[in-house]
Amino acid sequence: MTDPTHFPATYAESFAPAAADAPPQDIISDEEITRVHANANFGSMDKRDVVKWDLLKIACGYHTGHTARTILLEHKLTRECKRNHRYPP
């Protein structure tokens, strides 16, 4: 049970998911990364970095390529929005 006298330091902290403090490997395993990426080739870029950078792009409102977007959809880190080809956060 949580302490009823504890108040979050910030407004955002009150809505932060528990997984926010977890390392990325605990959220998406290396096996899952390998399975979803399959034969996708992003050159010398690490598969986990592809997920990290393209998720950041989408969160900031930038466009990402089809393959990277599909990978993020399979990981269920984003959802597709047909309207104006914009990505919801």
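In case you missed it, the structure is sitting above this.
This text gives an overview of the structure that appears in the document. It should be emphasised that the depicted structure is a prediction, and the values quoted were computed from it without experimental measurement. (Residues numbered from 1 in each chain as written. Predicted model: local features only at pLDDT ≥ 70, side-chain atom pairs only at ≥ 80, totals over all residues. Heavy atoms only, no water.)

Considering the overall build of the protein chain
Scanning the protein chain for helices and strands turns up four helices and zero strands. N-terminal to C-terminal, the α/β element order of the protein chain is α-α-α-α. By residue count, 20% of the 89 residues in the protein chain fall in the buried class. Sequence separation of 24 or more characterises 36% of the internal contacts of the protein chain that already satisfy a separation of 6 or more. In the structure as shown, the protein chain presents an accessible area of about 7200 Å², 57% of it carried by carbon and sulfur atoms. (Helix = DSSP H or I, 4+ residues; strand = E, 2+ residues; numbered from the N terminus. Buried < 20%, exposed > 50% of the residue type's maximum accessible area, 1.4 Å probe, protein only. Contact = heavy atoms within 4.5 Å. Areas by Shrake-Rupley, 256 points an atom, 1.4 Å probe, with all protein chains shown as cover.)

Notes on the environment of leucine 77
Turning to its location among the elements, leucine 77 is positioned in the segment after helix 4 (66-74). Leave out the neighbours within four places in its chain, and leucine 77 touches Ile28, Val51, Leu55 and Leu72.

Describing the pattern of salt bridges
When the charged atoms of two side chains lie near each other, side chains of opposite charge can form a pair. Counted according to the given criterion, the structure contains four salt bridges. Arginine 48 serves as the salt-bridge partner of aspartate 30, at 2.6 Å between the closest nitrogen and oxygen. With aspartate 30 in helix 2 (residues 30-37) and arginine 48 in helix 3 (residues 47-59), this residue pair connects regions lying 18 residues apart in the sequence. The buried category is assigned to arginine 48, whose relative accessible area is 16%. Taking the shortest distance from any N to any O, the salt bridge between glutamate 32 and arginine 35 comes out at 2.7 Å. Residue glutamate 32 and its partner arginine 35 are located together in helix 2, separated by three residues, close to a single helical turn. Accessibility expressed as a relative area gives 26% for glutamate 32, which makes it partly exposed. (Salt bridge = Lys/Arg side-chain N within 4 Å of Asp/Glu carboxyl O.)

Overview of helix 2
Among the residues making up helix 2, those that are buried are Ile33, Val36 and His37. With its buried residues spanning 95 degrees around the axis, helix 2 presents them on a single face. Looking at helix 2, the residues exposed on the side facing more than 90 degrees away from the buried face are Glu31 and Arg35. On its buried face, helix 2 is in contact with helix 3 and helix 4. Of the residues trailing helix 2, alanine 38 is marked for its positive phi of about 45 degrees. (Arc of directions from axis to C-beta.)

Purely geometric numbers; function is a separate question.
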